[in-house]
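Inside the fold
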Amino acid sequence: MAKLAKARMMLVALCAAVLAGCGSLFAAPTATPVPTPTPIDYLVRAAKAFESVQSVQFKLQHSGAPVVLDPQLGAKFLEASGSYQAPNLLFAKVKVEAMGNLFNLNMLWRPEGALMTNPMTGMYGPQPPGMPLAPLALFDTAAGISHLLAAEVLNPQVLGVEAEEGMQLRHFSGDVSALALKTILPGTLADAKLKIDLWVQVDNDRLMRIKVSAADSETQLEFFGHNEPVEIPAPK
C-alpha cells in the first residue's frame with residue numbers, strides 16, 4: 001500500500017509539472033505596447049487631414065503692426081472671412097482701413113484669375129498686381145498649410161487637450177520662420193523667428209486654429225465647417 005501511495009503521489013507531481021509546462025505554451029501572448037505619437041506624428045496626421053479637405057470656411061484676423069495692402073492709398077488689412085472649395089475656388093470678404101475710413105471688399109479667386117470689388121461701385125475688377133493677401137495659397141499642398149504642419153513647425157510641443165464648443169482640441173506650440181509663412185500669410189509678419197500655436201481636433205485630426213505671434217503683431221486663422229457645402233459667388 002505504501003508503495004502504491006508513493007506511486008500515486010509521483011504521478012500527481014508529474015501531471016502537475018506537465019500541466020504547468022503546457023500552461024506556458026497556451027498563455028496569452030504579451031501585447032506589444034503601442035508607442036505614443038510624438039508631436040511631429042500628430043502634426044503630420046493633421047497635414048494629411050488638411051490635404052483631404054474639399055471645402056471649408058475660414059476667418060483671418062490681424063492685430064498690431066499693420067499689413068499694408070496698397071501703399072498709395074495706405075490701405076491696411078484688418079480681417080477676412082470666406083470659403084474655399086477644392087481645388088481652386090475661394091471667396092473672401094475683407095475689411096480694410098484707408099484714409100481714416102473702413103471699407104469692405106469682396107475678393108474672389110477663380111481659375112480665370114483673381115478679382116476684387118471696387119469699394120465705391122461694388123463692381124468686380126482684376127486685383128492689383130502684388131496684392132500681398134492671397135488666401136488661396138493656404139491650400140497649396142506644396143507650400144501651404146499642409147506643408148507648414150508637416151515640415152515647418154520647429155520644436156513642437158503638446159501643451160494639452162482643451163475643451164471648446166463641444167470639441168476636444170489638442171494644443172501645440174512651437175517656432176516657425178517668417179520665410180516659411182511667406183506664401184501663406186504674406187506681408188503679415190516681418191520677424192525672422194516667430195511663435196506658433198495650433199489647435200487640432202483630437203478625434204479627426206482637423207486643424208481648427210493657428211495663431212502666429214511676433215514682437216509687435218499677432219495673426220490668427222480659424223477654420224470651421226469642414227467639408228460642408230459652401231457658396232462661391234459668381235462675379236457681377
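Small disclaimer: the values here were computed from a predicted structure and weren't measured.

So, on to the overall build of the protein chain. Looking only at helices and strands, the protein chain has three helices and 12 strands in total. Taken across its 236 residues, the protein chain has 38% of its residues classed as buried. Within the protein chain, contacts between residues separated by at least 24 positions form 50% of all contacts whose residues are at least 6 apart in sequence. As displayed, the protein chain offers around 13600 Å² of accessible surface, 59% of which is attributable to carbon and sulfur atoms.

Inspection of the sheet shows strand S1 (residues 55–64) paired to strand S3 (residues 75–85) by seven bridges, in the antiparallel sense. Opposite glutamine 61, over in S3, you have glutamate 79 as the bridge partner. Summarising the sheet, S1 and strand S12 (residues 217–224) pair through eight bridges and their orientation is antiparallel. Following the sheet pairing, histidine 62 is matched in S12 by threonine 219.

Within the secondary structure layout, glutamate 162 lies in strand S8 (residues 154–164). We classify glutamate 162 as partly exposed; its relative accessible area is 31%. For the pair glutamate 162 and valine 202, spaced 40 residues apart in sequence, the C-alpha separation works out to 9.6 Å. With near-sequence residues (within four places) excluded, glutamate 162 lies in contact with Met167, Gln168, Leu169, His171 and Trp199. Within the structure, the side chain of glutamate 162 is placed 2.7 Å from the side chain of histidine 171, a separation counted as a polar contact.

Moving on to the confidence of the model for the protein chain. The predicted model of the protein chain has a mean per-residue pLDDT of 84, with 83% of residues at 70 or higher. Per-element confidence in the protein chain ranges from a low mean pLDDT of 49 for helix H1 (residues 2–26) to a high of 97 for helix H2 (residues 39–51). A low-confidence stretch, residues 11–20 stays under pLDDT 50, and its non-local contacts, those more than four residues away or across chains, total zero contacts.

The element strand S10 (residues 193–201) is largely enclosed, with a buried count of seven among its nine residues. Summarising the sheet, strand S9 (residues 167–177) and S10 pair through nine bridges and their orientation is antiparallel. Residue pairing across strands places glycine 174 opposite isoleucine 196, the latter belonging to S10. Relative to strand S11 (residues 207–213), S10 runs antiparallel, the two sharing six bridges. Bridge pairing links aspartate 197 to lysine 211 in S11. Hairpin connection of S10 to S11: five residues between the antiparallel strands, including aspartate 205 at a positive phi of 65°.

Further remarks concern the packing of aromatic side chains. Per the stated rule, a full pass over the model turns up five aromatic pairs. Both rings, one in phenylalanine 139 and one in phenylalanine 223, keep their centres 6.4 Å apart while their planes meet at 75°; by these two values the pair is edge-to-face. Within this pair, whereas phenylalanine 139 is found in the loop between strand S7 (124–126) and helix H3 (145–152), its partner phenylalanine 223 is found in strand S12, the two being separated by 84 residues in sequence. This pair shows no difference in class: phenylalanine 139 is buried, exactly as phenylalanine 223 is. Taking NZ or CZ as reference, arginine 170 lies 3.9 Å from the ring centre of tyrosine 42, over its face. The residue whose ring lies beneath arginine 209 is tryptophan 199, and the NZ or CZ to ring-centre distance is 4.2 Å.

The subject of this paragraph is the environment of phenylalanine 224. Looking at the secondary structure, you find phenylalanine 224 in strand S12. Along the backbone, phenylalanine 224 and valine 56 are 168 residues apart, and their C-alpha atoms lie at a distance of 6.1 Å. Beyond its immediate chain neighbours, meaning those up to four positions away, phenylalanine 224 contacts Val56, Gln57, Phe58 and Lys59.

Rules behind the numbers
- Residues numbered from 1 in each chain as written.
- Predicted model: local features only at pLDDT ≥ 70, side-chain atom pairs only at ≥ 80, totals over all residues.
- Heavy atoms only, no water.
- Helix = DSSP H or I, 4+ residues; strand = E, 2+ residues; numbered from the N terminus.
- Buried < 20%, exposed > 50% of the residue type's maximum accessible area, 1.4 Å probe, protein only.
- Contact = heavy atoms within 4.5 Å.
- Areas by Shrake-Rupley, 256 points an atom, 1.4 Å probe, with all protein chains shown as cover.
- Pairing = 2+ DSSP bridges.
- Polar contact = N/O pair within 3.5 Å; in protein donor to acceptor, adjacent residues only side chain to side chain.
- pLDDT = per-residue confidence, 0-100.
- Phe/Tyr/Trp six-rings, centres within 6.5 Å; stacked < 30°, edge-to-face > 60°.
- Lys NZ or Arg CZ within 6 Å of the ring centre and 35° of its normal.

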